[in-house]
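Coordinates in review
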Amino acid sequence: MTAPILSARDVRKSYGRGANRFDALKAVSLDIREGESIAIVGKSGSGKSTLMHVLALLDQPTDGTVELAGTDTRALSGAALNRARNQTFGFVFQQFFLTPNASVLENVMLPLKIAGVGRAERRRRALESLEQLELGDKAKNKAVNLSGGQKQRTVIARALVNRPRVIFADEPTGNLDTATGAVVEDILFDLNREHGITLIIVTHDEELAERCDRRVHIRDGLIVDVIENPTATKSADAESASEPEAAATAAERAA
Amino acid sequence: MRPADLVGAAAGNTFRSKTRTILTILAIFVGAFTLTITNGLGTGINRYIDDTVAAMGADDVMTVTKVAENATDDSDGPREYDPDAIVSEREGPPGTTNVVAPIGPAELDDLAGIDGVVRVQPVKSVDVDSIAHEGGTEYEIGIGGFVSGMRLQLAAGEQPDAAASGYEVVIPDAYLDVLGFDDADAAIDEPVTLAVTDAERTRHELEATVVGVAEASLGTTSSAVPNEALNDALFAAQSTGLDASQRDIYSQATVWFDPASTADEITALQDRLDDAGYDSTTVAERLGAFKSVIDGIVLVLNAFAIIALLAASFGIVNTLLMSVQERTREIGLMKAMGMGSGKVFGLFSLEAVFIGFLGSAIGAGLGMVVGSAISSVLGGRLLADLPGLTLIAFDPVSIVVIIVLVMGVAFLAGTLPAVRAARADPVESLRYE
């Protein structure tokens with residue numbers, strides 16, 4: 001079995017000192033396999049966002065290690081961490097974080113611009129990514145003029161543009177109505193299924209979490225429950241290439 | 001992120017909040033505009049002085065006088081009378097006189113032997129009675145010295161030819177009307193008669209050709225400038241009847257030195273002349289005091305402009321701090337997407353530099369336009385008596401220096417907000433719970 005793409009070992013994260021000390025994470029260990037979809041579920045303040053930030057290498061744990069494809073990330077320099085985030089991860093946030101007055105295309109190109117990809121190439125790839133999300137005709141529109149669903153699709157296009165191995169989605173449907181939210185969910189799971197992109201969703205929405213291969217429940221900085229989901233929505237389409245493998249590993253775990 | 005993209009992004013971000021950016025640019029503009037005008041004033045006046053210096057003598061020449069043995073400072077009380085000493089008028093307040101020892105053939109040889117002296121020539125000062133054109137009315141005129149290398153400011157014609165054997169003279173433009181010339185060009189190649197009286201009260205008349213018409217300037221206002229042949233002839237005529245021992249006595253000599261000499265070498269030569277008992281003055285020295293006053297005034301004016309710039313730089317700090325505040329999320333996102341702190345710092349400082357560039361380029365550009373306009377208006381009216389003076393002149397180097405300086409100030413102002421942006425914690429910036 002290949003090494004997990006992300007692996008947290010006894011991760012602790014605390015803020016403040018002395019009497020004001022607050023432990024956001026208390027010895028959390030979690031392996032995330034390449035190609036799976038995983039939900040980190042918990043209430044506000046449970047530590048789920050902190051766990052995501054630590055896994056996404058945005059935040060350093062106070063104690064414990066995070067391995068990215070078998071490499072201890074503590075050993076990586078700041079520049080290497082930046083490169084790893086830029087090339088391996090895509091981010092989808094509840095509040096979109098689009099630059100309102102820039103065009104949709106500019107917004108989607110941002111990760112490529114940061115990576116130093118040439119002008120023509122990044123334009124081509126951004127358009128490709130927008131086409132994939134059926135937003136090709138909106139490329140020249142200002143981000144501010146898009147509807148909520150279009151905004152979130154733009155954000156997904158941006159997360160995809162650098163062909164990441166992992167997409168972190170923090171409450172991806174939190175700001176959308178049910179119908180639009182469902183469309184965005186489908187897009188995310190399609191990407192997971194058809195492109196084998198690992199999906200890490202942070203949410204308090206149980207319905208969304210149930211569509212994932214695994215649900216990790218977190219409370220007061222501790223993982224309280226991990227639920228495998230052999231009958232997740234995605235397993236309905238058994239044609240996907242990554243599917244049998246994922247199902248096999250899931251079975252292994254269950255055994 | 002590629003440098004070109006970084007610059008493009010910074011320039012693009014500048015105009016996200018147009019009103020705020022434009023107000024900041026205006027503040028910078030005021031500083032840069034003032035700096036351009038004051039600098040132009042310095043350049044214009046100093047350029048005029050340099051031209052004047054060239055009109056007063058060549059820059060590889062110094063005037064040498066022999067220090068009289070009884071020369072004392074005025075504060076030492078009355079001087080003892082010395083029958084051989086020459087009392088000469090010197091530049092300074094009216095009545096300023098200076099006692100110098102005479103320079104004869106022995107002293108000239110002495111001077112020629114001093115290390116660094118290329119050539120030495122006595123100053124043959126001539127007192128001409130009058131000038132006339134084709135038997136017309138005679139007018140009083142002074143005679144200015146001319147040495148090769150000197151450049152008069154001419155309204156027409158050319159410089160007197162030091163090597164020519166014919167008698168040539170450059171007349172001041174004030175004499176054009178009275179001598180019956182229609183304009184400066186009409187006087188060229190016309191003959192004029194110069195009259196000189198010798199020691200025995202005999203009048204000698206010499207005919208010379210006008211080769212040029214000089215514009216009045218700080219140096220030579222109303223003197224005719226002869227070439228060497230004419231000056232020698234006038235001096236000879238004036239000295240008629242004097243015996244040789246009196247004829248070869250001069251109050252001043254002109255010393256030529258290597259034109260490539262540095263300021264230090266010239267000072268060293270002056271020290272050697274001083275040791276040998278001679279006082280020397282270079283042309284630049286004669287105007288040096290004037291120049292340093294101008295430089296001082298320009299420095300003070302520049303200081304005001306710099307103060308305006310400093311005030312404007314706080315505007316930059318403020319603008320960018322607001323910008324960093326507003327764009328916290330965006331900064332956090334860019335950092336999450338792998339943009340390094342150095343690049344974030346670069347992005348914001350480039351934005352500051354760009355604001356500085358816009359303000360200074362517009363300020364310098366408009367400053368040049370307004371300065372040239374003021375200068376041509378004043379040149380036509382208030383300063384019409386000083387032809388050749390461009391009150392506000394611009395030197396491309398100093399304009400570039402101003403723009404770079406303002407951009408530098410803007411960069412410094414931008415560091416505080418840029419550091420703040422670079423230090424922003426992506427997790428902190430992206431938190432919304």
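Residues numbered from 1 in each chain as written. Chains lettered and ligands numbered in written order. Predicted model: local features only at pLDDT ≥ 70, side-chain atom pairs only at ≥ 80, totals over all residues. Heavy atoms only, no water.

Overview of the overall build of chain B
Applicable threshold: Helix and strand definitions follow DSSP, with helices as H or I runs of at least four residues and strands as E runs of at least two, each counted in order from the N terminus. Each residue is assigned to one of three classes by its accessible area relative to the maximum for its type, calculated with a 1.4 Å probe on protein chains only: buried under 20%, partly exposed between the two thresholds, exposed over 50%. By definition in these notes, contact holds between two residues if any of their heavy atoms fall within 4.5 Å. We get accessible surface area from the Shrake-Rupley algorithm with a probe of 1.4 Å; when it comes to residues, only the shown protein chains can shield them.
Helix and strand counts for chain B come out as 12 helices and 13 strands. Residues counted as buried form 45% of the 433 residues belonging to chain B. Sequence-distant contacts, at least 24 apart, represent 80% of the contacts inside chain B between residues at least 6 apart. Approximately 20900 Å² of chain B is accessible, and the part contributed by carbon and sulfur atoms is 57%.

Focus: the pairing of strand β11 (residues 223-226) of chain B
Residue and element names in this part refer to chain B. Which entries qualify depends on this criterion: Two strands qualify as a pair provided DSSP detects at least 2 bridges between them.
In the sheet, strand β6 (residues 142-143) pairs with β11 via two bridges, with the strands oriented parallel. Residue pairing across strands places I143 opposite A224, the latter belonging to β11. Bridging between strand β8 (residues 168-172) and β11 involves two bridges; their strand directions are antiparallel. Bridging across to β11, V169 finds its partner in P226.

Quick notes on the interface of chain A and chain B
In plain terms, the rule: A 1.4 Å probe defines the accessible area here, and the buried area is the portion of it lost by two parts on being joined, summed over both. Each reported salt bridge corresponds to a side-chain nitrogen of Lys or Arg within 4 Å of a carboxyl oxygen of Asp or Glu. As used in this structure description, the phrase polar contact means that two N or O atoms lie within 3.5 Å; if the pair is within protein, one of them must be able to donate a hydrogen and the other to accept it, and residues adjacent in sequence are counted only when both atoms belong to side chains. Here the term charged refers only to Asp, Glu, Lys and Arg, the term nonpolar to Ala, Val, Leu, Ile, Met, Phe, Trp, Tyr, Cys and Pro, and the term polar to all other amino acids, Gly among them.
Taken together, the contacts link 27 residues of chain A with 21 residues of chain B. Buried surface at the junction of chain A and chain B, summed over both partners, amounts to about 2200 Å²; 59% is from carbon and sulfur atoms. Between the two partners, chain A and chain B, sit one salt bridge. R122(A) is paired through a salt bridge with D5(B); the nearest N and O atoms lie 2.6 Å apart. At the junction of chain A and chain B, the tally comes to six residue pairs in polar contact (both at pLDDT 80 or more). By residue number, the principal contributor to the side of chain A that touches chain B is helix α3 (residues 104-115) of chain A, which donates four residues. Here the residues of the side of chain A that touches chain B are counted per class, giving nine nonpolar, 10 polar and eight charged.

Observations regarding the packing of α3(A) against helix α5 (residues 148-160) of chain A
Residues and elements named next belong to chain A. In plain terms, the rule: The convention used is that axes are lines fitted to C-alpha atoms, helices contributing only their stretch in contact, and that angles between N-to-C directions extend from 0 to 180 degrees. In a left-handed crossing the near helix is turned counterclockwise from the far helix by less than a right angle, and in a right-handed crossing that turn is clockwise.
One can describe the packing of α3 onto α5 by two numbers: an axis separation of 7 Å at closest approach and a directional angle of 35°. Regarding α3 and α5, the two cross each other, and that crossing is right-handed. Here V104, N107, V108 and P111 of α3 come into contact with α5, specifically with T154, A157 and R158.

Overview of the confidence of the model for chain A
We count it as follows: The score called pLDDT rates the predictor's confidence residue by residue, from a low of 0 to a high of 100.
Overall, the prediction assigns chain A a mean pLDDT of 85, with 89% of residues at 70 or greater. Of the regions scoring below 50 in pLDDT, residues 233-255 of chain A engages in 21 contacts with residues more than four places distant in sequence or in other chains.

Points about the nonpolar core
This is how the line gets drawn: Within this scheme, the nonpolar core is defined by two criteria: the residues are buried Ala, Val, Leu, Ile, Met, Phe, Trp, Tyr or Cys, and they are joined through side-chain atoms within 4.5 Å.
Membership of the largest hydrophobic core comes to 52 residues, with the highest contact counts inside it found for L6(A), L55(A) and F168(A). Not counting residues within four places of it along the chain, the set of residues in contact with L6(A) comprises L30(A), D31(A), I32(A), L55(A), V66(A), E67(A), L68(A), F89(A), F168(A) and I200(A). Grouped together as the second largest cluster of nonpolar side chains are 43 residues, V64(B), I141(B), L179(B) and Y250(B) included.

Some thoughts on the pattern of salt bridges
All names here are of chain A. One pass over the structure, following the stated rule, counts 26 salt bridges over all chains. Of the charged contacts, one joins D31 and R9 as a salt bridge, the two residues approaching to 3.0 Å between their closest N and O atoms. Taken together, the residues span a long stretch of sequence, with D31 in strand β2 (residues 22-32) and R9 in strand β1 (residues 6-15) at a distance of 22 residues. By relative accessible area, D31 is classed as partly exposed at 24%. Taking the shortest distance from any N to any O, the salt bridge between E206 and R215 comes out at 3.8 Å. The class of E206 is partly exposed, set by a relative accessible area of 33%. We classify R215 as buried; its relative accessible area is 12%. Through salt bridges with shared partners, one network takes in E121, R124, R125, E128 and R163.

Considering empty space enclosed by the protein
We apply this condition: Within this scheme a cavity is a closed region of a 1 Å grid, computed over the protein atoms alone, that accommodates a 1.4 Å probe without allowing it to escape, whereas a pocket is open but has protein on both sides within 12 Å along at least five of seven lines; lining residues each have an atom within 4 Å of a point. Grid points are joined across faces, edges and corners, and a volume is the space filled by probe spheres set on the points.
For the structure on display, the rule yields two cavities of 30 Å³ or more. Around the second largest cavity, the lining residues are R85(A), N86(A), F89(A), G90(A), F91(A), P111(A), R158(A), A159(A), N162(A) and M337(B). Contributing elements (two or more residues each) for the lining of the second largest cavity: α2 (78-88), β6 (89-93) and α5 of chain A. With three residues, the top contributor of residues to the lining of the second largest cavity is β6(A). Within the lining of the second largest cavity, the residues separate by chemical class into five nonpolar, three polar and two charged.

Description of unusual backbone geometry
The phi angle at L57(A) is positive, at roughly 60°, despite the residue not being glycine. On the secondary structure map, L57(A) appears in the loop between α1 (48-55) and β4 (63-68).

Regarding the side chain of D59(A)
Among the secondary structure elements, D59(A) is positioned in the loop between α1 and β4. Of note is the side chain of D59(A), whose polar atom sits 3.4 Å from the side chain of K13(A). For D59(A), the contacting residues outside a window of four places in its chain are K13(A), Y15(A), H53(A), V54(A) and V427(B).

Overview of the pairing of β2(A)
Residues and elements named next belong to chain A. Relative to β2, β1 runs antiparallel, the two sharing seven bridges. If you follow S7 over to β2, its bridge partner there is D31. The hairpin turn running from β1 into β2, its antiparallel successor, is six residues long, and G16 in that turn takes a positive phi close to 75°.

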